[in-house]
Amino acid sequence: MVAKRCGIKVSTLHYYEQQGLIHSWRNAGNQRRYKPEVLRRISVIKAAQRVGVSLEEIKQAFESLPNNRTPTVEDWQQLSKNWQQMLDGRIAYLQKLRDNLAGCIGCGCLSMTNCPLYNPDDKLAESGSGPVLLDQAEQKARTRQETNV
């Protein structure tokens, strides 16, 4: 009934429970039973996931609530404010990625001599692993955002 009402599969409901996002108890017939506030928790989970918040980030947010309670309207406002800052950083990162890729591919020269992603002799290895230039751009965007808050 809860899964149907929330528009999720029963297996998803069980997964959320395994992850500690929701809780149930068993009746005498060994069937799972949920409190009504589980509907709100699942709604928060679905809304947060829809905008790109991971289950781990949702779990951390739930754990920050007193007594791991179901989020109130005020809680949701604070959670969404925190997630908005994180999402703004992700958006800035994706915009930088888009702009760098479009510039490199869009110029048409394909010489790789002016590409901001080009890394002769792997000099960027000294700065860390992975997409170092993009990570640096994301960090700069996050820093700018934090100073503007």
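Here the structure is a predicted model, which means the values were calculated and not measured.

> Can you walk me through the side chain of R41 in this structure?
Note that R41 resides in helix α3 (residues 38-50). E37 provides the closest opposite charge to the buried, salt-bridge-free R41, at an N-O distance of 7.9 Å. Within the local environment of R41, its side chain forms a polar contact with the backbone oxygen of L21, the two atoms lying 2.8 Å apart. Every residue in contact with R41, bar those within four places of it in the chain, is listed here: L21, I22, F62, N68, R69, T70 and P71.

> Help me understand the pattern of salt bridges, please; the structure alone is not making it clear to me.
Under the counting rule described, the total for this entry stands at 3 salt bridges. With its nearest N and O atoms 2.9 Å apart, the salt bridge here joins E57 to R90. Of this pair, E57 sits in helix α4 (residues 55-63) while R90 is found in helix α5 (residues 73-106), placing the two residues 33 residues apart along the sequence. Residue R69 pairs with D75 through a salt bridge whose shortest N-O separation is 2.8 Å.

> Quick question: what am I supposed to make of the packing of aromatic side chains here?
Between two aromatic rings, the relevant description is the distance of the centres plus the angle of the planes. What the rule picks out here adds up to 1 aromatic pair. R41 extends its terminal NZ or CZ atom over the ring of F62, reaching a point 4.1 Å from the ring centre.

> Please explain the confidence of the model for the chain as it appears in this structure.
Low pLDDT means the predicted atomic positions in that stretch should not be read closely. The predicted model of the chain has a mean per-residue pLDDT of 81, with 84% of residues at 70 or higher. Across the chain, element-level confidence peaks in helix α2 (residues 10-18) with a mean pLDDT of 95 and bottoms out in helix α6 (residues 132-148) with 72.

> Would you mind showing me how to read the nonpolar core here?
Taken as a class, soluble globular proteins show a tendency for nonpolar side chains to be buried jointly. L13, Y16, I22, I42, I45, I58 and W83 are the most contacted members of the largest nonpolar core, which totals 22 residues. The set of elements that each furnish at least two residues to this core consists of α1 (2-6), α2, α3, α4 and α5. Considering each element in turn, this core owes the most residues, 5 residues, to α3. With residues near it in sequence (within four places) discarded, I22 still touches L13, Y16, E17, Y34, V38, R41, I42 and I45.

> It is not clear to me how the packing of α3 against α4 should be interpreted in this structure. Could you clarify?
Running from N to C, α3 and α4 cross one another at 135°; their axes reach a closest spacing of 10 Å. It follows from the interaxial angle that α3 and α4 lie oblique. Relative to α4, α3 is oriented so that their crossing is right-handed. Contacts between α3 and α4 involve R41, V44, I45, A48 and Q49 from the former and L55, I58 and F62 from the latter. Among the residues making up the contact of α3 with α4, the classes are represented as 6 nonpolar, 1 polar and 1 charged.

> I tried to follow α4 on my own but got confused; where do I start?
Helical periodicity: at 3.6 residues per turn, an α-helix aligns residues three or four positions apart in one direction. Those residues of α4 that sit buried are L55, E57, I58, A61 and F62. Angularly, the buried residues of α4 cover 160° about the axis, an arc narrow enough to put them on a single face.

What counts as what
- Residues numbered from 1 in each chain as written.
- Predicted model: local features only at pLDDT ≥ 70, side-chain atom pairs only at ≥ 80, totals over all residues.
- Heavy atoms only, no water.
- Helix = DSSP H or I, 4+ residues; strand = E, 2+ residues; numbered from the N terminus.
- Buried < 20%, exposed > 50% of the residue type's maximum accessible area, 1.4 Å probe, protein only.
- Lys, Arg positive; Asp, Glu negative; His and termini not counted.
- Salt bridge = Lys/Arg side-chain N within 4 Å of Asp/Glu carboxyl O.
- Polar contact = N/O pair within 3.5 Å; in protein donor to acceptor, adjacent residues only side chain to side chain.
- Contact = heavy atoms within 4.5 Å.
- Phe/Tyr/Trp six-rings, centres within 6.5 Å; stacked < 30°, edge-to-face > 60°.
- Lys NZ or Arg CZ within 6 Å of the ring centre and 35° of its normal.
- pLDDT = per-residue confidence, 0-100.
- Core = buried A, V, L, I, M, F, W, Y, C linked by side-chain atoms within 4.5 Å.
- Axes fitted to C-alpha atoms, helices over the stretch in contact; angles between N-to-C directions.
- Parallel < 35°, antiparallel > 145°, perpendicular 65-115°, else oblique.
- Left-handed = near helix turned anticlockwise from the far one by under 90°.
- Nonpolar A, V, L, I, M, F, W, Y, C, P; charged D, E, K, R; others polar.
- Arc of directions from axis to C-beta.

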